[in-house]
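Results of the structural survey
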Amino acid sequence: MNTFLAAALAGAAMAVSVGGAQAQTGGLLATIKSKGVLTCGVGPGLAGFGIPDQAGNWTGLDVDLCRALSAAIFNDPTKIKFIPLSSKDRFTALQSGEVDLLSRTTTWTMSRDTSLGLNFAGVNYYDGQGFMVRKKLGVDSAIKLAGASICTEQGTTTELNVADYFRSNKLKYEVVAFASSVETIAAYESGRCDAYTTDSSGLYAQRLKLAVPADHIVLPDIISKEPLGPVVRHGDDNWFDVVKWTHNAMLNAEELGVTKANLDEMLKSENPEIKRLLGTEGKFGEAIGLTNDWAVRIIKHVGNYGESFERNVGMASQLKIARGLNALWTKGGLQYAAPIR
Amino acid sequence: MTTIPTETRQPGKASLLYDPKIRGYAYQILLLAVVGFLVWSAASNAIENLRAQKIASGFGFWHNAAGFDVNQKLIPFSASGSTYGQAFYVGLLNTLLVASIGIVLSTFLGFFVGVARLSSNWVLAKLAMIYVEVIRNLPLLLQLFFWYNAVLKPLPDARNSIALPGSIFLNNRGLIMPNPQFGPAFQAVVVAFFLAAFAAIAFYIWSKRQQERTGKQYPNGLITLGLILGLPLIVYFLAGQPLSFDLPQQGRFNLTGGLQIYPEFVALLIGLTTYTAGFIAEVVRAGILAVSKGQTEAANALGLRAGPTLKLVVIPQAMRVIIPPLTSNYLNLTKNSSLAVAIGYPDLVQVFTGTVLNQTGQAVEVVAITMAVYLTISLVTSLFMNIYNKRMALVER
């Protein structure tokens, strides 16, 4: 039903607004500034990545990127309208202009980047697809899932990867696909499926929602590459740059050791790289339509990438996910930001 | 006297403007032009914008490899060789399956409840009333969730299936039963079945004529049953029992082999059937109440008992009132089957406007196709019901 609505909206928006947002002078950034609010498409509730806390405030790694953008634009991390989107509805919502960007564990793939009319502005989490099963099944590897029923969410790369995996290993299986993660996990818990599959970060997050999380294990196999990142529409290069460099600024801040706590000291730093990041030298912020202290605002309100990671999904969170692939390149990981110069 | 020139009586050329017929046409043409322009400009704008955003458009995706699997399907479908077009047919057939079975079952249940509500048996009438009021006043989506959980939760897991007689197993993956494997000689049985059906119809017509001529009644029901069951059975044994069964086997996770009825299908079918039956019951009740009480009294006066009165006098007249709203309930059931998306039954909306739309990103095309399909199904259903209605309608003399 949601798809119908979203698609109808898409059709209507495409049909009625000639040229849509990008036809306006100044592009999306100017529109956001004049509206005074950033509309951010997030997940419908995935612990660590995008979920409202007890007070109703959205938190998570993906949410922090929206907050960083809001901080960079408005010097206030709260001027955001969050729109929770299921996997199935997310692209239509972005294409139709319902949201300014998607920041909700979306895998960067070639077809999405090209034929959907979207741009991926970076990778804020390197993930891979895994499986969760009940401990009492005695399964210790995905290859032993021959003949199993597997619950998954519709409209995901997961749905395709699981087909690829079982096909290439010549194993039989039964897929049961649901429209949203809530229904998927409920069906898994009710025993409809032997295994639940999604990105492994998602498995750890969803396991927390189960009645007895300790009864379930995440299998060690990773069957796919899932680079997750923020997504914007084609056709507005300035907005694409703003999102891309907001993410890069958070990574560069971590690499240069600039944190929420030491920000004031760092503003006095003589290190030219830090000076360029914090806008005490050069006019990098103005070049993308923001103020030169844009990165200062991000770090002051949200912190650097490492801080956001630890707070939301790392050791300081319930999920306790190790940095692994998401460590900086200087520490053996894959997170590598282009320099600000 | 010479004739008066007609020109003086006829309105002049200028008064064409005031000719109501021509005005009517002009307005209709104008309206069509406006609607046409709106549709054209909306379509061309959509195409323009899709192109501007570099979003793929067109129907080329139809023949692209699908790459995903579907568990419940009536035609072969697999991730390895099937296309999005085949996924569409999988979804369409699943929709038609649940809608057609749902229509049949809800009609029976609805008629039963509708008649029961008018029963002189107080308990039965009140139970029927409670059923109708509860079912009609709860959202269908909620009922589907209820049935899905009611079907799933109490059942054991696949390793502890409930074994029913005849190698039938019941667990939270569904009902698994022996899958009939038809031998080549089974065709003879099918032919025998159709022959029997023709014979039964022929006998029915003959016996009606006999009854009209002589008043003698034949046990039509028994003879029909005997023909339709008996003849194929005799042929079956003569052909050397060309039917074997693929029995379900306990596998590591699931039972393998056999014919599986999935819980999603059962939940959706129960939900749609009970919900629509609630509405049909009211339609039936209204239809029966619309038949004048005098008809029943007249039938009683002729000595007909309650059963034949209902069957021969009341229902045929009630049908005239019942059929039009019944049609709209059938259409509703078909359209409501799209709520399958919530409980994971792969109907058209779930497979096509769900997975296919998302994997291809072609929302406009996919939604347009889906709307066209539902429209077609609804119009075809309406057409048949209208033909039926015409046959049942009061023939005015």
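Residues numbered from 1 in each chain as written. Chains lettered and ligands numbered in written order. Predicted model: local features only at pLDDT ≥ 70, side-chain atom pairs only at ≥ 80, totals over all residues. Heavy atoms only, no water.

A few words now on the overall build of chain A. Across its full length, chain A holds 14 helices and 14 strands. Over its C-alpha atoms chain A spans a radius of gyration of 21 Å, differing by no more than 12% from the 20 Å that the globule rule assigns to 341 residues. Across its three principal axes, chain A shows a C-alpha extent of roughly 60 × 50 × 40 Å. By residue count, 61% of the 341 residues in chain A fall in the buried class. In chain A, 71% of the contacts between residues at least 6 apart in sequence involve partners at least 24 apart. Surface summary for chain A: the accessible area is close to 12,900 Å², and the carbon and sulfur share equals 56%. (Helix = DSSP H or I, 4+ residues; strand = E, 2+ residues; numbered from the N terminus. Rg over C-alpha atoms; globule rule 2.2 N^0.38 Å. Buried < 20%, exposed > 50% of the residue type's maximum accessible area, 1.4 Å probe, protein only. Contact = heavy atoms within 4.5 Å. Areas by Shrake-Rupley, 256 points an atom, 1.4 Å probe, with all protein chains shown as cover.)

It is worth spelling out the sheet that holds strand 8 (residues 129-134) of chain A at this point. Residue and element names in this part refer to chain A. Across the sheet, which stays open at both edges, the 5 strands sit in the order 10-9-11-8-12 with mixed pairing between neighbours. In the strand order of this sheet, the two ends are held by strand 10 (174-178) and strand 12 (216-218), each with one partner. Strand-to-strand, the axes of this sheet are offset by a mean angle of 25 degrees, without reference to chain direction. Pairing of strand 8 with strand 11 (residues 195-199) involves 5 bridges; the strand directions are antiparallel. The residue bridging Val133 from the neighbouring strand is Ala195, located in strand 11. Relative to strand 8, helix 6 (residues 157-168) is tilted by about 80 degrees, and along the sheet it contacts strand 8, strand 9 (149-153), strand 10 and strand 11. The strands that helix 7 (residues 181-189) touches are strand 8, strand 9, strand 10, strand 11 and strand 12; relative to strand 9, the one it contacts most, it runs at about 160 degrees. (Pairing = 2+ DSSP bridges. Axes fitted to C-alpha atoms, helices over the stretch in contact; angles between N-to-C directions.)

Time to look at the interface of chain A and chain B. The partner chain B presents 52 residues to the 54 residues of chain A that form the contact. For the pair chain A and chain B, the two sides together bury roughly 4,200 Å², of which 53% comes from carbon and sulfur. The partner of A:Asp194 in a salt bridge is B:Arg173, and the shortest N-O contact between them spans 2.9 Å. The tally of links from chain A across to chain B stands at 15 residue pairs in polar contact (both at pLDDT 80 or more). When residues of the side of chain A that touches chain B are traced back to their parent elements, those giving at least two are helix 1 (2-16), helix 4 (90-95), helix 6, strand 10 and helix 7 of chain A. Grouping the amino acids of the side of chain A that touches chain B by side-chain chemistry returns 23 nonpolar, 20 polar and 11 charged. (Buried area = accessible area lost by both parts, 1.4 Å probe. Salt bridge = Lys/Arg side-chain N within 4 Å of Asp/Glu carboxyl O. Polar contact = N/O pair within 3.5 Å; in protein donor to acceptor, adjacent residues only side chain to side chain. Nonpolar A, V, L, I, M, F, W, Y, C, P; charged D, E, K, R; others polar.)

What follows concerns the packing of helix 9 (residues 237-255) of chain A against helix 13 (residues 294-301) of chain A. Residue and element names in this part refer to chain A. Taken N-terminus to C-terminus, the directions of helix 9 and helix 13 make an angle of 65 degrees; their axes are 10 Å apart at the nearest point. Judged by the inter-axis angle, helix 9 sits roughly perpendicular to helix 13. Judged by the twist between their axes, the crossing of helix 9 over helix 13 is right-handed. Between helix 9 and helix 13, the contacting residues are Trp245, Thr246, Ala249, Met250 and Ala253 on the first element and Trp294, Ala295, Ile298 and Ile299 on the second. Grouping the constituent residues of the contact of helix 9 with helix 13 by class yields 8 nonpolar, 1 polar and no charged. (Parallel < 35°, antiparallel > 145°, perpendicular 65-115°, else oblique. Left-handed = near helix turned anticlockwise from the far one by under 90°.)

With that settled, the discussion passes to the state of the cysteines. Disulfides are covalent bonds that connect the sulfur atoms of two cysteines. All names here are of chain A. Per the counting criterion, the structure on display carries 2 disulfides over all chains. Each sulfur in the disulfide pair Cys40 and Cys66 lies 1.8 Å from the other. A residue pair is termed long-range when its members are at least 10 positions apart, and Cys40 in strand 1 (residues 38-42) and Cys66 in helix 3 (residues 61-74) qualify at 26 residues. Comparing Cys40 with Cys66 shows no difference in burial state: the two are buried. One disulfide in the model links Cys151 with Cys193; its S-S distance is 2.0 Å. Between Cys151 and Cys193, the disulfide has an S-S torsion of 75 degrees and is therefore right-handed. Here Cys193 lies in the loop between helix 7 and strand 11 and Cys151 lies in strand 9, a separation of 42 residues in the sequence. Judged by its relative accessible area of 0%, Cys151 falls in the buried class. Looking at chain A, its bonded cysteines, counted consecutively from the start of the sequence, adopt the pairing 1-2, 3-4. (Disulfide = S-S within 2.5 Å.)

A pair of packed helices is characterised by two quantities: the angle between their axes and the separation of those axes. All names here are of chain B. Interhelical geometry of helix 5 (residues 140-152) versus helix 8 (residues 263-290) gives an angle of 135 degrees and a closest axis separation of 8 Å. As summarised for this structure, helix 5 and helix 8 are arranged oblique, according to the angle between their axes. Here helix 5 and helix 8 pass one another in a crossing that is right-handed. Side by side, helix 5 and helix 8 meet where Leu140, Gln143, Leu144, Trp147, Tyr148, Val151 and Leu152 of the first sit next to Pro263, Glu264, Val266, Ala267, Leu268, Ile270, Gly271, Leu272, Thr274 and Tyr275 of the second. Here the residues of the contact of helix 5 with helix 8 sort into 13 nonpolar, 3 polar and 1 charged.

Bringing the pattern of salt bridges into the picture now. Throughout the structure, instances matching the rule amount to 15 salt bridges over all chains. Note that B:Glu264 and A:Arg192 form a salt bridge whose closest N and O atoms lie 2.6 Å from each other. Pair noted here: B:Glu264 is in helix 8 and A:Arg192 is in the loop between helix 7 and strand 11, and the two residues belong to different chains. Residue classification places B:Glu264 among the buried positions, given a relative accessible area of 0%. Taking relative accessible area as the criterion, A:Arg192 reaches 0% and is therefore assigned buried.

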